[in-house]
Amino acid sequence: MEYDFDTAVDRRGSWSVQWDGVADRFGVDGLLPFTISDMDFACPPEVLAALRERIDHGVLGYTDWRLGEFRDAIRDWYTTRFDTRIDTGRIVYGPSVLNQLSQLLRMWTEEGDGVVVHTPTYDGFTKAVSGLGRELRGCRVDDDAELERQLARPGSKVLLLCSPHNPTGRVWTHGELSRFAALAEQYGTAVICDEIHADFVHEGVHLPWTRYGRGRWALITSGSKAFNFPALTGSYGIIGDPDDRTAYLTRMETAEGLASPAVLSLTAHIAAYRHGADWLDAVRAYTAGNLSMLAERLNTAFPELGWAPPQAGYLAWIDLRPLGIDSDALQRQLIEVEKVAIMPGSVYGADGFVRLNAGCPRGKAEAGADALVRAIRAVRP
């Protein structure tokens, strides 16, 4: 099937965080947004067809994610996409990846305990960890020695991985993942691995944490990022230890009152994993084209950047430090003159960077690239 990613879908007035909520973060309405990580493309037609069929059934009563095809669809997806066999009995359900993270942190840590993360850090991690009164302990993505130092510190109870990494788009290698697993085992640290960007690898191969997990560990993820249905809510996880799985499910079904998941999320996941592979391959190639276009325009204008697209995802993580630009001045230029919203790196703990969402039609991506180039030229010393 041919898929049309060039035709823009008007998202204004659809309660979109990216489009309608832009003033909440940038203080101005009407900006062209390249911000929160959802795409401007309609869901795969195969997913939309399944949703329509489920709605046409007419009854939207209580559901149980353990009934039907949900777990089998996940198992088959991991087999075909990641060449990885998983035990469906290890699968758990959650309303979102960040909710799963919060529940696991409550189970495996106490207030004041340390949670080790790579920096720069996805801001959802920062909010979840800090909001629970845990201490965020950062180490650079390229500093293995610092990672070990942080894990060795008293009170470091969890290593929180993002695989592939957000915001840098880095795909961890077999050697790196093996090293993380060995360090976690050595220091008695639990591992929570967020793999929501796993389906958008451009360079390298995604290796699920199920291959490396030992001791106390959990993989948390969702099909919502790859197939663009986060508004349906819904995620799933794989928890290694059976007692931990039981404790997690008990917490979700009793204390959290989340025994019945959103039926449309189950429907969307099953349809995506059963019938969405061709669409996913097409949209990944299309967004890779957007990122290549961005690289060409940035590096033509500023050769000293030497910017390369990320190994995974549709989020361009751009290091502007070689240009000596004042980050605040750049944001003012982008907002007040160019009328675009591009995330400043400070959101992720890295001043001097920007993160641009390229999950959009080519025309919009080109407008964002050109606006960024003009803004940099205007404020460059």
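Each remark here, short or long, concerns the structure printed above.
Residues numbered from 1 in each chain as written. Predicted model: local features only at pLDDT ≥ 70, side-chain atom pairs only at ≥ 80, totals over all residues. Heavy atoms only, no water.

Thoughts on the overall build of the chain
Of regular secondary structure, the chain possesses 13 helices and eleven strands. In terms of C-alpha radius of gyration, the chain reaches 21 Å, essentially the compact-globule figure of 21 Å for 381 residues. For the C-alpha atoms alone, the extent of the chain along its principal axes is close to 60 × 55 × 35 Å. The 381 residues of the chain split such that 55% are buried. Relative to all contacts within the chain whose residues are 6 or more apart in sequence, the contacts with residues 24 or more apart total 75%. Surface summary for the chain: the accessible area is close to 16,000 Å², and the carbon and sulfur share equals 49%. Separation of charge centres in the chain, based on 39 positive and 51 negative side chains, amounts to 2 Å. (Helix = DSSP H or I, 4+ residues; strand = E, 2+ residues; numbered from the N terminus. Rg over C-alpha atoms; globule rule 2.2 N^0.38 Å. Buried < 20%, exposed > 50% of the residue type's maximum accessible area, 1.4 Å probe, protein only. Contact = heavy atoms within 4.5 Å. Areas by Shrake-Rupley, 256 points an atom, 1.4 Å probe, with all protein chains shown as cover. Lys, Arg positive; Asp, Glu negative; His and termini not counted. Charge placed at Lys NZ, Arg CZ, Asp CG, Glu CD.)

Topic: the environment of Phe 34
Inspection of the secondary structure puts Phe 34 in strand β1 (residues 32-34). For the pair Phe 34 and Lys 127, spaced 93 residues apart in sequence, the C-alpha to C-alpha distance is 21 Å. Ignoring anything within four residues of it in the chain, the contact list for Phe 34 reads Gln 18, Val 340, Ala 341, Ile 342, Met 343, Arg 355, Leu 356, Asn 357, Cys 360, Lys 364, Ala 365 and Gly 368.

Here we look at the nonpolar core
Counting residues in hydrophobic clusters, the biggest one holds 81 residues, and the most contacted among them are Ile 192, Trp 209 and Phe 227. Leaving out residues up to four positions away in the same chain, Ile 192 has contacts with Leu 101, Leu 104, Leu 105, Trp 108, Val 158, Leu 159, Leu 160, Leu 161, Ala 218 and Ile 220. By size, the runner-up hydrophobic cluster in this structure holds 30 residues, among which are Phe 34, Leu 298, Ala 301 and Val 354. (Core = buried A, V, L, I, M, F, W, Y, C linked by side-chain atoms within 4.5 Å.)

Section: the packing of helix α4 (residues 97-108) against helix α9 (residues 242-255)
Helix-helix packing is characterised by the crossing angle of the two axes and by the distance between the axes. Relative orientation of the contacting elements α4 and α9 amounts to 115°, with a least axis distance of 11 Å. Viewed along their axes, α4 and α9 form a crossing whose handedness is right-handed. Of the residues in α9, those touching α4 at Asn 99, Gln 100, Gln 103, Leu 104, Arg 106, Met 107 and Trp 108 are Asp 244, Ala 247, Tyr 248, Arg 251 and Met 252. Broken down by class, the residue content of the contact of α4 with α9 amounts to six nonpolar, three polar and three charged. (Axes fitted to C-alpha atoms, helices over the stretch in contact; angles between N-to-C directions. Left-handed = near helix turned anticlockwise from the far one by under 90°. Nonpolar A, V, L, I, M, F, W, Y, C, P; charged D, E, K, R; others polar.)

Considerations on the packing of aromatic side chains
In this structure the tally under the stated criterion is 20 aromatic pairs. When the centroid spacing of 5.4 Å and the interplanar angle of 50° are considered together, the rings of Phe 5 and Tyr 286 count as tilted. With a gap of 281 residues between them, Phe 5 in the segment before α1 (22-26) and Tyr 286 in helix α11 (residues 277-301) connect regions that are remote in the sequence. For Tyr 286, a relative accessible area of 12% corresponds to the buried category. One aromatic cluster is present, formed by Tyr 3, Phe 5, Phe 41, Trp 65, Phe 70, Trp 77, Tyr 93, Phe 227, Tyr 236, Tyr 273, Trp 279 and Tyr 286 through successive ring pairs. Seen from the ring of Tyr 286, Arg 362 lies directly overhead, with NZ or CZ sitting 4.6 Å from the centre. The residue whose ring lies beneath Lys 364 is Phe 34, and the NZ or CZ to ring-centre distance is 4.8 Å. (Phe/Tyr/Trp six-rings, centres within 6.5 Å; stacked < 30°, edge-to-face > 60°. Lys NZ or Arg CZ within 6 Å of the ring centre and 35° of its normal.)

Overview of the sheet that holds strand β9 (residues 315-319)
On the basis of which strands lie adjacent, the open sheet formed by four strands has the order β1-β10-β11-β9 and mixed pairing. What marks the edges here is a single partner per strand, and that holds for β1 and β9. Averaged over all pairs of adjacent strands, the angle between strand axes in this sheet comes to 30°, irrespective of strand direction. In this fold helix α13 (residues 362-379) packs onto β1, β9, β10 (340-344) and β11 (353-357), with an angle of close to 90° to the strand it touches most, β1. (Pairing = 2+ DSSP bridges.)

As for α13
When the terminal C-alpha atoms of α13 are compared, their 26 Å separation across 18 residues agrees well with the 26 Å that a helix rising 1.5 Å per residue should span. The set of residues buried in α13 consists of Lys 364, Ala 365, Gly 368, Ala 369, Ala 371, Leu 372, Val 373, Ala 375 and Ile 376. Packing partners of the buried residues in α13 comprise β1, α11, β9, α12 (327-338), β10 and β11. (Expected span 1.5 Å × (residues − 1).)

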